[in-house]
Amino acid sequence: MQSLLFTPMDLRGVRIRNRIVVAPMLTYSAKNGYTQDLHTLHYGKLAYGGAGLILVESTKADPRGASTPTDLGIWKDEFIPGLAKIASTIKSYGATAGIQLGHSGRKARRSVPWEGRAPLASHPGLDHGEEWELVAPSEIAHSNEFAAPRALSIADIEDLIEGYGAAVERVKKAGFDVLEIHAAHGYLIHQFLSPASNQRTDKYGGSLENRMRFGLDIMDRVRQSWPDDKPLFVRISAVDEAGWTVEDSAGFARVLKAHGVDVVDCSSGGMSGISIVTSGNPVSYGYQVPYAEGVRKLANVKTMAVGLIIHGDQAEEILQSGKADLVAIGREMLHNPNWPMDAAAKLGIDDPFSMVPSLYSFYLQKRAQTDFGGRPSTWQAGIEAE
Ligand SMILES: Cc1cc2nc3c(=O)[nH]c(=O)nc-3n(C[C@H](O)[C@H](O)[C@H](O)COP(=O)(O)O)c2cc1C
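Residues numbered from 1 in each chain as written. Predicted model: local features only at pLDDT ≥ 70, side-chain atom pairs only at ≥ 80, totals over all residues. Heavy atoms only, no water.

This brings us to the packing of aromatic side chains. One pass over the structure, following the stated rule, counts 9 aromatic pairs. Look at Phe192 and Tyr204: their rings are 6.3 Å apart centre to centre, the planes differ by 75°, and that puts the pair in the edge-to-face class. A residue pair is termed long-range when its members are at least 10 positions apart, and Phe192 in helix α4 (residues 188–193) and Tyr204 in the loop between α4 and α5 (208–225) qualify at 12 residues. Taken individually, Phe192 and Tyr204 each receive the classification buried, so the pair is uniform in this respect. A ring pair is formed by Phe362 and Tyr363, whose centres lie 4.9 Å apart and whose planes are at 85°; its orientation type is edge-to-face. Judged by its relative accessible area of 40%, Phe362 is partly exposed. Of the aromatic side chains, those joined through ring pairs into one cluster are Tyr34, Trp75 and Phe79. Its end group placed over the ring of Tyr187, Lys107 keeps NZ or CZ at 4.7 Å from the ring centre. (Phe/Tyr/Trp six-rings, centres within 6.5 Å; stacked < 30°, edge-to-face > 60°. Helix = DSSP H or I, 4+ residues; strand = E, 2+ residues; numbered from the N terminus. Buried < 20%, exposed > 50% of the residue type's maximum accessible area, 1.4 Å probe, protein only. Lys NZ or Arg CZ within 6 Å of the ring centre and 35° of its normal.)

Printed below as a string of structure tokens:
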């Protein structure tokens, strides 16, 4: 059987060497929006481990939209050189460089996970030092712990949409080839989509068509700047705590496709503090895969599955059975950045070690052939005294 996981995928004019995607994951390591050495090290390591596409973490076109004071920024040109270094490092190891643009809206201004991810009562705004303002479709706080946001005016919304356009120009200059817009996890676009957080009475609120408008206006502005030969992904919460269903997502996905979106990345939740994971729906291997499958079948769009995809054969089965077109791996990549090489070896792909740089392929191949139980000589183990 021909592996699909290790079959390249062509999306518009971009060839991705296999179907393994590094899920976007905040590193909480930027300083005032700027990249640090850790970013290049982290993303470079993931690229040389063999992944097809690396989606750099949620990066902010508006400093008010940062989840934490340590999110990456793209709201001004000064950020381009640091981001360009990440993109060129990823590409130098054969992976495709992608980036996610996000805005946390009413869920912005929080501490990092290891400090509790709690809302910060107040904080100097990133960059300009004034008070950091929370903005959202309506003045409804995410939960009791969060401050109420200010409702965006139409002029604010137009500025934000234009801000996405300017950010895409910077994404292009930095050299990325895939762009993902974050419309999931209860963040700003999702806040517009859901009647739980959007009670506007203008053209951005009320009917489903109006609630979709903000996201779609962003897609249109993004597509104006993003070249026709480069793919656009959107991450959605395919189901949420406020009653949004896979069927709703399929409807949204059809419209997204008509607005130039190529892949719908199917995550879930984030709309309230209450987890959608219940005893009847526990987090287990591939718990969100049915969402990618449902949206793919109902809307006839390409989807990406994510969430506790742990093993190579599990990822292969998701693709072979037509549940998704791409698989995104998050925490397993933190555990083992060589996950693609490891999956290739376990799936019996020819020459699995060829996807990592020579230093690794040479020694890891020998390591794999070593019978450690037989106390190999240093020569057998490929270790020479140098
Ligand atoms: C440290 C960390 C940071 C994350 N940051 C983002 C992010 O920037 N954007 C996003 O859409 N999801 C983010 N996520 C969610 C992941 O992309 C992924 O959907 C989730 O971890 C489930 O996949 P996994 O089980 O393979 O880890 C993050 C997850 C982790 C663990």
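For strand β10 (residues 232–237), the buried fraction is high: 6 of the 6 residues fall into the buried class. Here β10 shows a buried face lined by Leu232, Val234 and Ile236 and a second buried face lined by Phe233, Arg235 and Ser237. Note: strand β9 (residues 178–183) against β10, 5 bridges, orientation parallel. Bridging from a neighbouring strand, Leu179 pairs with Leu232 of β10. As paired elements, β10 and strand β11 (residues 263–267) share 5 bridges and run parallel to each other. Within β11, the residue paired with Phe233 across the bridge is Val263. As for the winding sense of the linkage, the β-α-β connection from β10 through helix α6 (residues 246–258) to β11 is right-handed. (Pairing = 2+ DSSP bridges. Right-handed = clockwise from strand over helix to strand, strands pointing away.)

Right, let's get into helix α10 (residues 339–346). For α10, every residue scored as buried is listed here: Trp339, Pro340, Met341, Ala343 and Ala344. Directly after α10, the chain includes Gly348, whose backbone phi takes a positive value near 75°.

Turning to the pairing of β11, a few remarks are in order. The element β11 is largely enclosed, with a buried count of 5 among its 5 residues. Residues Val263, Asp265 and Ser267 line one face of β11 and the alternating positions Val264 and Cys266 line the opposite face, and both faces are buried. Sheet topology note: the β11/strand β12 (residues 302–306) ladder contains 4 bridges and is parallel. What sits directly across from Asp265, in β12, is Met304.

When cut into domains, the chain gives domain 1 (9–355) and domain 2 (361–386). Summarising the inter-unit geometry, the C-alpha centres of domain 1 and domain 2 are found 41 Å apart. (Domains from an automatic or database assignment.)

Let's shift gears to the nonpolar core. Counting 93 residues, the largest nonpolar core has Leu179, Ile181 and Phe214 as the members making the most contacts within it. For Phe214, the residues in contact, after removing those within four places along its chain, are Ile157, Leu160, Ile161, Leu188, Ile189, Phe192 and Tyr204. Counting 15 residues, the second-largest nonpolar core is a separate cluster that includes Met9, Val21, Ala23 and Val306. (Core = buried A, V, L, I, M, F, W, Y, C linked by side-chain atoms within 4.5 Å. Contact = heavy atoms within 4.5 Å.)

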